[in-house]
Amino acid sequence: MASLSLRHINKRYPGGFHAVKDVNLEIIDKEFIILVGPSGCGKSTTLRMIAGLEEISDGELYIGDRLVNDIAPKDRDIAMVFQNYALYPHMTVYDNMAFGLKLRKVPKDEIDAKVKEAAKILDLTHLLDRKPKAMSGGQRQRVALGRALVRSPKVFLLDEPLSNLDAKLRAQMRTEIAKLHLKLGTTFIYVTHDQTEAMTMGDRIVVMKDGIIQQTDTPQTLYERPCNKFVAGFLGSPQMNFIDATLKKAVTKYVVEFGSARNKFTVEVPESKVSPALDQYVDKEVILGIRPENVHDEEMYLSNATTGIIECNVDITEMMGAETYLYLACEGTPLTARVSPRSTAKTGDVIKVAIDPNKIHLFDKETDVTIIN
């Protein structure tokens, strides 16, 4: 098993494009770490540099205590699972899984034992004689995992392995990969643009944008304490609401004010969130962030709320079974509320909702950096 250390890693392509910028990351042994971000953010390039498939322009990459910048991919003791499975169509499942071991001149009986053990773990034993074209997407993905598994690598690299599967299979494979990680106790580095995968699978998440790491932390911390507006908006579904507002100070209290001249709404900043940092933003424009599940339409909540009650038009309602999404407009600002399926709000209604002041976030309007969480 192995830890990894990425120290000031950069990737520049001919023509000057700087794809990965000064990435510093310590990955501990047996950790399941997720690289997440929008397309083109540099996450797959970072993974490919770890694999040795892309050359590192600057910086040092250590696997365990060994500097591997100039070590060939086959000698790094890593295994990679690709988005498109990369299976040999003319070979059976057994031969696909055994191929890498045969190239390494592993004894026949050892290959047989390893392939059968991996097939058992991944529930592929009954498919060993089939060819990839006679299998479903989920089965092919398990074969790709099995081919990596037989090599007993120190590090598993997975590049968007579930993006070709339908929603139901993706959910199933997420669970299978998480179980596999627990069973093997190996370091997993997993790239995805799907924040649901990131939130449900990783020990830690690395959020990237424009080749730069924005924040690295546990899923819960990233969700509750994002370091900037990008991280706050990227994680969470539906995404966080952002409202252009102004911070005001009334004697000892701070309030966030938004709306129109005709209809002003205020949310008081709770004492637990007050910090000296707020003083420099008084009477300035800020961005108020609130997650959809913290916008409430229940009568009980509204009757107890002392601040943050706003009036909205209901544009659309979406019944999701266990919850309902309300798409609202408040003085021209779009808002999403995630409410109980018992909600009676209908398209075209004018309703009151309450923003939970204990769950607000404030961001600097110019830099997008978090002021308070």
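Preceding this paragraph is the structure being described.
Predicted model only: the values in this text are computed from it and were never measured.

Enquirer: What is the right way to look at the overall build of the protein in this model?
Expert: The helix and strand tally for the protein stands at 9 helices and 21 strands. The principal-axis extent of the C-alpha atoms belonging to the protein is close to 80 × 45 × 35 Å. Looking at the protein as a whole, 48% of its 373 residues qualify as buried. Taking all contacts inside the protein whose residues are at least 6 apart in sequence as the whole, residues at least 24 apart take part in 67%. For the protein, the accessible area works out to roughly 18100 Å², and carbon and sulfur atoms hold 49% of it.

Enquirer: Would you take a moment to explain helix H5 (residues 167–184) for this structure?
Expert: An α-helical turn contains 3.6 residues, so any two residues separated by three or four positions project in the same direction. With 18 residues, H5 should cover 26 Å at 1.5 Å per step; its first-to-last C-alpha distance of 26 Å lies within 8% of that length. Looking at the packing, one finds that the buried side of H5 touches strand S3 (32–36), helix H3 (108–121), helix H4 (137–149), strand S7 (155–159), strand S8 (187–192) and helix H6 (195–201). Two or three places before Lys168, at the start of H5, stands the capping residue Asp166, its side-chain oxygen 3.2 Å from that residue's backbone nitrogen. Among the residues trailing H5, Gly185 stands out with phi positive, at a value near 60°.

Enquirer: What's the story with the nonpolar core in this structure? I'm lost.
Expert: Side chains of nonpolar character tend, in soluble globular proteins, to be buried together. Met97 and Ile177 are the most contacted members of the largest nonpolar core, which has 46 residues in total. When residues no more than four places from it in sequence are discounted, the contact partners of Ile177 are Phe32, Leu145, Leu158, Pro161, Leu162, Phe188, Tyr190 and Met201. Listed in part, the 32 residues of the second largest apolar core include Tyr254, Val295, Val339 and Ile371.

Enquirer: Can you walk me through unusual backbone geometry in this structure?
Expert: Most of the time, phi is negative for any residue but glycine, and the peptide bond is trans. The omega torsion of the bond from Ser237 to Pro238 falls at -10°, within 30 degrees of zero and hence cis. Within the element layout of this structure, Pro238 appears in the loop between helix H8 (229–234) and strand S11 (241–250). A positive phi angle is found at Asp283, which is not glycine, with a value near 70°. Here Asp283 shows up in the loop between strand S13 (264–268) and strand S14 (285–290). Relative accessible area serves as the criterion here: at 54%, Asp283 is assigned to the exposed category.

Enquirer: Looking at this model, I keep getting lost on the layout of surface pockets. Mind explaining?
Expert: The calculated volume of the largest pocket comes to roughly 590 Å³. Every residue lining the largest pocket is counted, 22 residues in all, and those nearest its centre are Met80, Phe82, Gly100, Arg147 and Arg151. Taken together, the elements giving at least two residues each to the lining of the largest pocket come down to strand S6 (78–81), helix H2 (93–103) and H4. Sorting elements by how many residues they give to the lining of the largest pocket places H2 first, with 5 residues. Of the residues assigned to the lining of the largest pocket, the class counts are 16 nonpolar, 1 polar and 5 charged. There is about 240 Å³ of room inside the second largest pocket. Forming the boundary of the second largest pocket are 13 residues, of which Tyr223, Glu224, Asn294, Lys359 and His361 lie nearest the centre. Of all the elements, helix H7 (residues 219–224) adds the most residues to the lining of the second largest pocket, at 3 residues. Of the residues belonging to the lining of the second largest pocket, the class tally is 2 nonpolar, 5 polar and 6 charged.

Enquirer: What is the right way to look at the packing of H4 against H5 in this model?
Expert: Geometry of a packed helix pair, given as the angle between the helix axes and the separation of the axes. It is the contact of H4 with H5, at a shortest axis distance of 11 Å, that shows an interaxial angle of 20°. With respect to H5, the axis of H4 lies roughly parallel. The way H4 lies across H5 gives a crossing that is right-handed. In contact with Gly138, Gln141, Arg142, Leu145 and Leu149 of H4, H5 contributes Leu169, Met173, Glu176, Ile177, Leu180 and Leu184. Here the contact of H4 with H5 is built from residues that sort into 7 nonpolar, 2 polar and 2 charged.

Enquirer: I tried to follow H4 on my own but got confused; where do I start?
Expert: An ideal rise of 1.5 Å per residue puts 18 Å on 13 residues; H4 measures up with 18 Å between its terminal C-alpha atoms. Burial within H4 is extensive, with 11 of its 13 residues counted as buried. Taken as a whole, H4 has its buried residues at Gly138, Gln139, Gln141, Arg142, Val143, Ala144, Leu145, Gly146, Arg147, Ala148 and Leu149. Those residues of H4 hidden inside the fold are in contact with S6, H2, H3, S7 and H5.

What counts, and at which threshold
Residues numbered from 1 in each chain as written. Predicted model: local features only at pLDDT ≥ 70, side-chain atom pairs only at ≥ 80, totals over all residues. Heavy atoms only, no water. Helix = DSSP H or I, 4+ residues; strand = E, 2+ residues; numbered from the N terminus. Buried < 20%, exposed > 50% of the residue type's maximum accessible area, 1.4 Å probe, protein only. Contact = heavy atoms within 4.5 Å. Areas by Shrake-Rupley, 256 points an atom, 1.4 Å probe, with all protein chains shown as cover. Expected span 1.5 Å × (residues − 1). Polar contact = N/O pair within 3.5 Å; in protein donor to acceptor, adjacent residues only side chain to side chain. Core = buried A, V, L, I, M, F, W, Y, C linked by side-chain atoms within 4.5 Å. 1 Å grid on protein atoms, 1.4 Å probe; cavity = no way out; pocket = protein on both sides within 12 Å on 5 of 7 lines; lining within 4 Å. Points joined across faces, edges and corners; volume = space filled by probe spheres on them. Nonpolar A, V, L, I, M, F, W, Y, C, P; charged D, E, K, R; others polar. Axes fitted to C-alpha atoms, helices over the stretch in contact; angles between N-to-C directions. Parallel < 35°, antiparallel > 145°, perpendicular 65-115°, else oblique. Left-handed = near helix turned anticlockwise from the far one by under 90°.

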